[in-house]
Amino acid sequence: MEPFEKVEKDNLPALFLLSPWTENFAGLSAGMSTRCGGVSRGSWAELNCGLHVDDLPEHVLQNREILAMAAGFPFSAWTCAEQVHGNEVAVVSEAEKGAGKDSLETAIKGKDALVTKEEGIVLTALFADCVPLYFFDPHERVIGLAHAGWKGTVREIAVRTIEVMNSRFGCQPRNILAAIGPSIGGCCYEADERVIREVIKLFPGQAETGEMPAGVTQKENGRFLLDLKEINRQIMIKAGILPTHIEVSKWCTGCHPELFFSHRKQNGRTGRMVSWIGLEKR
């Protein structure tokens, strides 16, 4: 069953809610925006939330406030990182709450993943094909969110996030729930041999035999189709998360231009969706 449920209500933008989590854990909010229902125009129509893509800043900020209202969290809680396609993880405290919500300059520098135990903080990240990775330990009430493009994936940002949750808050991998959100699928993501070589390094046993890992399909033209969702799922399992604790979305951002921005399908000139996760203050 698809874990990200499309929800539309009143005149608010359509959202994808991570319903297996939001329905079973009181006070937990998690999901992903669509491109629908905002004020941006042209290549960024409509609900672009990226300040770095040449859209009008006033439109982006209005879109962010619209999204916060639709998702049911205060815009003041919106907290985000710079996102540099690395694997660095920041632990967010009350002092960082609201970082990056209304300017690039105040985003948490040099990080692609955020972790917090603080209630009332909403972790956010921006996407237009890359893979959103969500983490929640219901025992320790710790949340995490990571941005995994192919570079972050092969640098095992999922592992780094789990390690920080463990070292800082005592989260045991077997207790952590994980989810992989809407992103470009193996149907639409073509990669060259340079990228695939880096992916194969993640699986030393298969590298020795020359066998392609699950998630990599060679095409007749010598290029490859790469399923980053499946690669990240395998990385999570290798890091100790139980397979039954991982939710994986089937939505492909490349296949559904009516719902999602896609960097690849729109030749780099496009907007950004937002993934978020937060715990309400009890």
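To keep things clear, this report deals only with the structure shown in the data block. (Residues numbered from 1 in each chain as written. Predicted model: local features only at pLDDT ≥ 70, side-chain atom pairs only at ≥ 80, totals over all residues. Heavy atoms only, no water.)

As a further point, take the overall build of the protein. If you tally the helices and strands in the protein, you get seven helices and 15 strands. For the protein, the C-alpha radius of gyration of 18 Å lies close to 19 Å, the compact-globule estimate for 282 residues. Counting only C-alpha atoms, the protein reaches 50 × 45 × 35 Å along its principal axes. Among the 282 residues that make up the protein, the fraction classed as buried is 54%. When the accessible surface of the protein is split by element, carbon and sulfur atoms take 49% of a total near 12,100 Å². (Helix = DSSP H or I, 4+ residues; strand = E, 2+ residues; numbered from the N terminus. Rg over C-alpha atoms; globule rule 2.2 N^0.38 Å. Buried < 20%, exposed > 50% of the residue type's maximum accessible area, 1.4 Å probe, protein only. Areas by Shrake-Rupley, 256 points an atom, 1.4 Å probe, with all protein chains shown as cover.)

Glancing now at the packing of aromatic side chains. Following the criterion strictly, the structure yields nine aromatic pairs and no others. Judged by centre distance (5.5 Å) and plane angle (50°), the ring pair of phenylalanine 4 and tyrosine 134 falls under tilted. A residue pair is termed long-range when its members are at least 10 positions apart, and phenylalanine 4 in strand S1 (residues 4-7) and tyrosine 134 in strand S8 (residues 131-137) qualify at 130 residues. Accessibility expressed as a relative area gives 1% for phenylalanine 4, which makes it buried. Note on tyrosine 134: relative accessible area 0%, which makes it buried. Taking 6.3 Å as the distance between ring centres and 50° as the angle between the ring planes, the aromatic pair formed by phenylalanine 73 and tryptophan 78 counts as tilted. The two residues phenylalanine 73 and tryptophan 78 agree in class, both being buried. Ring pairs connect the aromatic residues Phe73, Phe75, Trp78 and Trp276, which therefore count as one cluster. (Phe/Tyr/Trp six-rings, centres within 6.5 Å; stacked < 30°, edge-to-face > 60°.)

Paired through backbone hydrogen bonds, the strands of a sheet run either parallel or antiparallel to each other. Ordered in space as S1-S2-S3-S15-S7-S4, the six strands form an open sheet in which the pairing is mixed. Edge positions in the open sheet fall to S1 and strand S4 (78-80), since each of these has one partner strand only. Each strand axis lies, on average, 30° off the axis of its neighbour in the sheet, ignoring direction. Relative to strand S15 (residues 273-279), strand S3 (residues 28-33) runs antiparallel, the two being bridged by five bridges. If you follow serine 29 over to S15, its bridge partner there is glycine 278. (Pairing = 2+ DSSP bridges. Axes fitted to C-alpha atoms, helices over the stretch in contact; angles between N-to-C directions.)

Attention now moves to the nonpolar core. By size, the foremost hydrophobic cluster in this structure holds 41 residues, and its most contacted members are Leu133, Phe135, Val199, Leu226, Ile231, Met236 and Ile241. When sequence neighbours within four positions are dropped, the list of residues in contact with isoleucine 231 reads Thr153, Val199, Leu202, Phe203, Ala214, Gly215, Val216 and Leu226. One finds Leu18, Ala90, Leu123 and Phe136 within the second-largest nonpolar core, a separate group that totals 30 residues. (Core = buried A, V, L, I, M, F, W, Y, C linked by side-chain atoms within 4.5 Å. Contact = heavy atoms within 4.5 Å.)

What follows concerns the pattern of salt bridges. Tallied over the entire structure, the rule returns twelve salt bridges. For glutamate 88, the salt bridge goes to lysine 111, with nearest N and O atoms at 3.9 Å. Of this pair, glutamate 88 sits in the loop between S4 and strand S5 (89-91) while lysine 111 sits in the loop between S5 and strand S6 (113-116); the two residues are 23 residues apart in sequence, bridging distant segments of the chain. Notably, a salt bridge pairs glutamate 156 with lysine 238, separated by 2.9 Å at the nearest N-O pair. With glutamate 156 in the loop between helix H3 (150-154) and helix H4 (157-169) and lysine 238 in helix H7 (residues 228-238), this residue pair connects regions lying 82 residues apart in the sequence. Via salt bridges that share partners, Glu119, Arg141 and Arg282 belong to a single interconnected network. (Salt bridge = Lys/Arg side-chain N within 4 Å of Asp/Glu carboxyl O.)

This part is about the sheet that holds S5. In space, the six strands of this open sheet follow the order S5-S6-S9-S8-S10-S14, with mixed pairing throughout. Each edge of the open sheet carries a strand with a single partner, namely S5 and strand S14 (246-248). For this sheet the average axis-to-axis angle between neighbouring strands, irrespective of direction, equals 15°. Both S6 and strand S9 (residues 142-148) contribute to a ladder of four bridges, which runs antiparallel. Each bridged residue has a counterpart across the sheet, and for alanine 113 the counterpart in S9 is alanine 146. Against the sheet, H4 makes contact with S5, S6, S8 and S9, and its axis sits at roughly 20° relative to S8, the strand it touches most. Each of S8, S9, strand S10 (177-180) and S14 is contacted by H7, which is oriented at about 165° to S10, the strand it contacts most.

With 13 residues, H4 extends 18 Å from end C-alpha to end C-alpha; this agrees with the ideal 18 Å at 1.5 Å per step. Burial in H4 covers these residues: Ile157, Ala158, Val159, Thr161, Ile162, Val164 and Met165. Where H4 is buried, its residues touch S5, S6, S8, S9, H3 and H7. Looking at the residues trailing H4, positive phi occurs at glycine 170, about 75°. (Expected span 1.5 Å × (residues − 1).)

With that settled, the discussion passes to the environment of threonine 34. Considering the arrangement of structural elements, one finds threonine 34 in the loop between S3 and helix H2 (57-71). A sequence separation of 132 residues divides threonine 34 from asparagine 166, and the C-alpha atoms of the two residues are 32 Å apart. Once residues within four sequence positions are removed from consideration, threonine 34 is found in contact with Ala14, Leu15, Phe16, Leu47, Leu259 and Met273. A polar contact of 3.1 Å, which involves the side chain of threonine 34, links it to the backbone oxygen of alanine 14. Separated by 3.1 Å, the side chain of threonine 34 and the backbone nitrogen of cysteine 36 make a polar contact. (Polar contact = N/O pair within 3.5 Å; in protein donor to acceptor, adjacent residues only side chain to side chain.)

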